[in-house]
Amino acid sequence: MELKDYQKKTLTQVKLYLEWLTKAREEATRRQSLSSDFFDVEFFDFPKAARGKVHQSKPYYSKKNGLGENLPDFYIKIPTGGGKTLLACHTIDLINRIYLKRQTGIVLWIVPTSQIYRQTLEALRNRDHPYRQVLDIASAGRTVICEKTERFSKLDVEENLVVMLLMLPSANRKIKEVLRIFKDNGGFTEFFPPEDDIKANQELLSEFANLEYFGEEKGFFGKIVKTSLGNTLKTLKPIVIIDEGHKTYSAGAQKT
């Protein structure tokens, strides 16, 4: 599908930001390798530094992920009917190529309503649809579209571009249905250490302190990480696409 001029202009701006973001991340890595006597290593906000290079007209509010790490984010504001879903697909390609230097991995695509969910899922699963074609080009034909009820493996993520659709209400921790995402199940055990490997579980919790777990640190078996979809997504650190992001300003949505 031929992009319109304003779509090309939008993607050019996204590309410019990602290029500066990559440079700023490299600078952050360089600073971490030096003594903090010379640089304020801990508080170097590389997403904010990159944002200042490409867009200074509005204030930038930095975000952190569940581990307290800098979380680069940006918003694309397009009029209704302007092709935001198509641009989102192109943006996934740009993020992977420029910032993450890969073609595979996982994308968590969050939508606000059941109607948009069904429409997006149908389009992304249709290999003849322009959205899917963009993703297939980005992944060299290795695109996997799935829902939260479906399983994916480590090999799937390593060898494919896995796009999981999720509806925002079902991602809100206050809704009972969403608790299933963080419920222990046997579908993702390969992403986690065996339950009886206490040391490996502690090491994983040291790396990802926001994982949910069973037990207590001073208990007989210590802390055992839950083998849930929610924990799996936390360890994989997916690209997150939020459709109609203006609907995610509530404290609950932001925390989720």
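Up top is the structure.
Residues numbered from 1 in each chain as written. Predicted model: local features only at pLDDT ≥ 70, side-chain atom pairs only at ≥ 80, totals over all residues. Heavy atoms only, no water.

Enquirer: Any chance you could explain the sheet that holds strand β2 (residues 143–147) here in plain terms?
Expert: Taken in spatial order, the four strands of this open sheet run β2-β3-β1-β6, and their pairing is parallel. Looking at which strands have only one partner, the edges of the open sheet turn out to be β2 and β6 (239–242). The sheet shows a mean angle of 20 degrees between the axes of neighbouring strands, taken without regard to direction. Here seven bridges tie strand β1 (residues 105–111) to strand β3 (residues 161–167), and the two strands are oriented parallel to one another. (Pairing = 2+ DSSP bridges. Helix = DSSP H or I, 4+ residues; strand = E, 2+ residues; numbered from the N terminus. Axes fitted to C-alpha atoms, helices over the stretch in contact; angles between N-to-C directions.)

Enquirer: Can you help me understand the side chain of Asn 70 in this one?
Expert: In this fold, Asn 70 is placed in the loop between α2 (46–54) and α3 (84–100). Its relative accessible area of 19% is what places Asn 70 among the buried residues. Within the local environment of Asn 70, its side chain forms a polar contact with the backbone oxygen of Phe 44, the two atoms lying 3.3 Å apart. Polar contacts involving the side chain of Asn 70 include one to the side chain of Lys 64, which spans 3.0 Å. Beyond its immediate sequence surroundings of up to four residues, Asn 70 is in contact with Phe 44, Asp 45, Phe 46, Pro 47, Lys 63 and Lys 64. (Buried < 20%, exposed > 50% of the residue type's maximum accessible area, 1.4 Å probe, protein only. Polar contact = N/O pair within 3.5 Å; in protein donor to acceptor, adjacent residues only side chain to side chain. Contact = heavy atoms within 4.5 Å.)

Enquirer: Hey, could you run me through the packing of helix α4 (residues 114–125) against helix α5 (residues 130–138) in this one?
Expert: A pair of packed helices can be characterised by two numbers: the angle between their axes and the separation between those axes. Packing of α4 against α5 leaves a shortest axis separation of 6 Å and a crossing angle of 55 degrees. Taken together, the axis directions place α4 and α5 in an arrangement best described as oblique. Remark: the crossing between α4 and α5 carries right-handed chirality. For the pair α4 and α5, contact is made by Ala 123, Leu 124 and Arg 125 and by Tyr 131, Arg 132 and Leu 135, respectively. When grouped by side-chain class, the residues that make up the contact of α4 with α5 number four nonpolar, no polar and two charged. (Parallel < 35°, antiparallel > 145°, perpendicular 65-115°, else oblique. Left-handed = near helix turned anticlockwise from the far one by under 90°. Nonpolar A, V, L, I, M, F, W, Y, C, P; charged D, E, K, R; others polar.)

Enquirer: What exactly am I supposed to notice about α3 here?
Expert: Each turn of an α-helix holds 3.6 residues, which means side chains three or four residues apart point in the same direction. Most of α3 sits inside the fold, with 13 of its 17 residues counted as buried. After α3 finishes, the residue Lys 101 shows a positive phi value of roughly 55 degrees.

Enquirer: In this structure, what is going on with the nonpolar core? I would like to understand it.
Expert: Where a protein is soluble and globular, its nonpolar side chains tend to be buried together. Core analysis: the largest hydrophobic core is formed by 37 residues, its most contacted members being Leu 18, Trp 109, Leu 124, Leu 135 and Val 163. Contributing elements (two or more residues each) for this core: α1 (5–32), α2, α3, β1, α4, α5, β3 and β6. No other element matches the nine residues that α3 contributes to this core. Leu 18 has contacts with Phe 74, Leu 94, Ile 95, Ile 98 and Tyr 99, leaving out every residue within four places of it along the chain. Core analysis: the second largest hydrophobic core is formed by 22 residues, Leu 108, Val 162, Phe 182 and Leu 233 among them. (Core = buried A, V, L, I, M, F, W, Y, C linked by side-chain atoms within 4.5 Å.)

Enquirer: So what exactly am I meant to see when it comes to the packing of aromatic side chains here?
Expert: For any pair of aromatic rings, the description consists of the separation of the ring centres together with the inter-plane angle of the planes. Enumeration according to the criterion identifies four aromatic pairs in this entry. On the basis of an interplanar angle of 65 degrees and a centroid distance of 5.6 Å, the ring pair of Tyr 17 and Phe 74 is categorised as edge-to-face. Taken together, the residues Tyr 17 in helix α1 and Phe 74 in the loop between α2 and α3 connect sequence positions 57 residues apart. Each member of the aromatic cluster is reached from another via a ring pair, and the members are Phe 152, Phe 188 and Phe 191. A cation over an aromatic ring shows up here: Lys 23 above the ring of Trp 20, its NZ or CZ 4.6 Å from the ring centre. (Phe/Tyr/Trp six-rings, centres within 6.5 Å; stacked < 30°, edge-to-face > 60°. Lys NZ or Arg CZ within 6 Å of the ring centre and 35° of its normal.)

Keep in mind that these numbers describe shape and distance, not what the molecule does.
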